[in-house]
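# Tertiary structure, described
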Amino acid sequence: MSELNLRAERLDAADALAPLRSRFALDDVVYLDGNSLGALPAHVPDRVADVVRREWGELRIRSWTESGWWTAPERIGDRIAPLVGAAPGQVVVGDSTSVNVFKALVGAVRLAGDDRTEILVDATTFPTDGYIAESAARLTGRTLRALTPDEVPGALGPRTAAVLLNHVDYRTGRLHDLPALTAAIHAAGALAVWDLCHSAGALPVGLDEHGVDLAVGCTYKYLNGGPGSPAFLYVRRELQPRFDSPLPGWNSHAEPFGMSPDYAPAPGAVRGRVGTPDILSMLALEAALDVWDGVAIDAVRAKSLALTDFFLECVSAYTEPGRLEPVTPAEHGRRGSQVSLRCDDAGEVMKRLIEAGVVGDFRQPDVLRFGFTPLYTTFADAERAARILGSLLR
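This part takes up the packing of helix H1 (residues 3-13) against helix H12 (residues 379-393). It is at 7 Å that the axes of H1 and H12 come closest, and there the two elements cross at 160 degrees. With respect to each other, H1 and H12 are oriented roughly antiparallel. Contacts between H1 and H12 involve Leu4, Asn5, Ala8, Leu11 and Asp12 on the former and, on the latter, Phe379, Ala380, Glu383 and Arg387. Of the residues belonging to the contact of H1 with H12, the class tally is five nonpolar, one polar and three charged.

On to the domain arrangement of the protein. Taken domain by domain, the protein consists of domain 1 (3-31 + 295-393) and domain 2 (49-292). Tallying the contact residues gives 26 residues for domain 1 and 19 residues for domain 2. Together, the buried faces of domain 1 and domain 2 total about 1900 Å²; carbon and sulfur atoms form 58% of this surface. Where domain 1 packs against domain 2, one counts nine residue pairs in polar contact (both at pLDDT 80 or more). Elements that contribute at least two residues to the side of domain 1 that touches domain 2 include exactly helix H10 (297-318), strand E10 (338-342) and strand E13 (367-371). It is H10 that contributes the most residues to the side of domain 1 that touches domain 2, five residues altogether. Of the residues that constitute the side of domain 1 that touches domain 2, the class distribution is eleven nonpolar, eight polar and seven charged.

For the rest of this paragraph, the subject is the environment of Pro41. Within the secondary structure layout, Pro41 lies in the loop between strand E1 (30-31) and helix H2 (44-59). Sequence separation between Pro41 and Ala254 is 213 residues; the distance between their C-alpha atoms is 36 Å.

Moving on, we come to the pattern of salt bridges. All chains considered together, the criterion is met by 29 salt bridges. Of the charged contacts, one joins Arg47 and Asp50 as a salt bridge, the two residues approaching to 3.3 Å between their closest N and O atoms. Note that Arg47 and Asp50 are positioned in helix H2 at a spacing of three residues, about one turn of the helix. Given a relative accessible area of 25%, Arg47 falls into the partly exposed group. On the accessibility criterion, Asp50 (27% relative accessible area) is partly exposed. Two residues, Asp95 and Lys103, come together in a salt bridge whose shortest N-O distance is 2.8 Å. On the accessibility criterion, Asp95 (29% relative accessible area) is partly exposed. Owing to a relative accessible area of 1%, Lys103 belongs among the buried residues under this scheme.

If you look at the biggest cluster of nonpolar residues, it comprises 50 residues, and the most contacted ones within it are Trp194, Leu196, Phe232 and Trp292. Residue contributions to this core peak at four residues, all from helix H9 (residues 279-288). Of the domains in this structure, domain 1 (3-31 + 295-393) and domain 2 (49-292) are the two that each give at least three residues to this core. Excluding residues that lie within four positions of it along the chain, Trp292 makes contacts with Leu83, Gly201, Tyr222, Leu223, Ile297, Val300 and Leu375.

Our focus in this paragraph is the side chain of Ser199. With respect to the secondary-structure elements, Ser199 resides in the loop between strand E6 (191-195) and strand E7 (214-217). Sequence-distant contacts of Ser199, defined by excluding residues within four places in its chain, comprise His167, Val168 and Val205.

Moving on: a nonpolar patch on the surface. Residues Val52, Trp56 and Leu280 make up a contiguous nonpolar surface patch of roughly 270 Å² in combined accessible area. Tracing the backbone shows Leu280 in helix H9.

Turning our attention to the sheet that holds E13. Spatially, four strands are ordered E9-E10-E13-E12 in an open sheet, and the strand pairing comes out antiparallel. Bordering the open sheet on either side are strand E9 (325-326) and strand E12 (361-363), each of which pairs with just one other strand. Bridge count between E10 and E13: five bridges; the pairing is antiparallel. Looking at E13, one finds that Gln338 is bridged to Gly371. Against the sheet, H10 makes contact with E9, E10 and E13, and its axis sits at roughly 25 degrees relative to E10, the strand it touches most. Sheet strands in contact with helix H11 (residues 346-355) are E12 and E13, and its direction is about 40 degrees off that of E13.

What counts, and at which threshold
Residues numbered from 1 in each chain as written. Predicted model: local features only at pLDDT ≥ 70, side-chain atom pairs only at ≥ 80, totals over all residues. Heavy atoms only, no water. Axes fitted to C-alpha atoms, helices over the stretch in contact; angles between N-to-C directions. Helix = DSSP H or I, 4+ residues; strand = E, 2+ residues; numbered from the N terminus. Parallel < 35°, antiparallel > 145°, perpendicular 65-115°, else oblique. Contact = heavy atoms within 4.5 Å. Nonpolar A, V, L, I, M, F, W, Y, C, P; charged D, E, K, R; others polar. Domains from an automatic or database assignment. Buried area = accessible area lost by both parts, 1.4 Å probe. Polar contact = N/O pair within 3.5 Å; in protein donor to acceptor, adjacent residues only side chain to side chain. Salt bridge = Lys/Arg side-chain N within 4 Å of Asp/Glu carboxyl O. Buried < 20%, exposed > 50% of the residue type's maximum accessible area, 1.4 Å probe, protein only. Core = buried A, V, L, I, M, F, W, Y, C linked by side-chain atoms within 4.5 Å. Patch = residues over 30% accessible without salt bridge, like charges linked within 9 Å, V, L, I, M, F, W, Y side chains within 5 Å. Areas by Shrake-Rupley, 256 points an atom, 1.4 Å probe, with all protein chains shown as cover. Pairing = 2+ DSSP bridges.

Here it is in structure tokens:
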């Protein structure tokens, strides 16, 4: 047994979060793709079966009230809120991340006012965010500029309406400086919209603390809500009375069952709702969030950094110098919860890794991407993945 293997055993034995792994449906595969799809919490199938058989099958329409279906978007939003540093009443769950990006960005532009004629977007963002930003600019009559997050402070000015940024770069795992960038955006009189898809459930975000205006995030990565589980929308409390959603649906009406031809928005986070919620996936997400009961996000972050540090050390020990290039920042303050490695034949290497029982993913053109979910990833997983990677490259 190698020294790194022994260290992994000691680290796992001392890990306060280690018991959480038993709450997930896992096998002998080293699963390092939770930044794309989180593992299944083991109790979720029984909860979904109850929703289908009893709440839908027996109670039927009565479940909108008796089973709490109608209030699920806000109730589940309040469960996610502490994981992103938000007080209750500011997060609503529903729709996809893409739809919520559209709501948030157009809503931010409307809040900024007509004299603010430019939108800035993260040039390194996930493609959909860029597509939506371009559409939002056309629909609102604004111009759009794509910049790297480092370029944003120098580009801000009196014309800036809103800035859409990713908290963590999905390719490299780089963590952007949310507090400093939000402060710079506010100093210019603009609004900050953050995409938290690769940080929610992996590290502290501090939405309230840092005065973020609007934020969106998915729930199927580090929150383990299941494939296609509904996303969330955060609207800062002070902005809610003026938040003008570009998708006003009957669910966000002040009197949804009044069936009025005139729209009157509901107060609070409910304004972020649109149509009938997708109950089956929403309640699967609610059940999945049970694994977070009693878990501090700071403890998750500490383990994430320890795991990624250890993985990088193991990769260095098990692979030939120069064969791989880490593109994830080494500095803790600039690292999310993934490690991305540049490799000339990355696509083929990842295919062989998966065949050998290590599941990560590949991003064009040459990036191996490994996500570390501290609720269930072990130090032994990190060591084994690096060892198998090294053997394949040899």
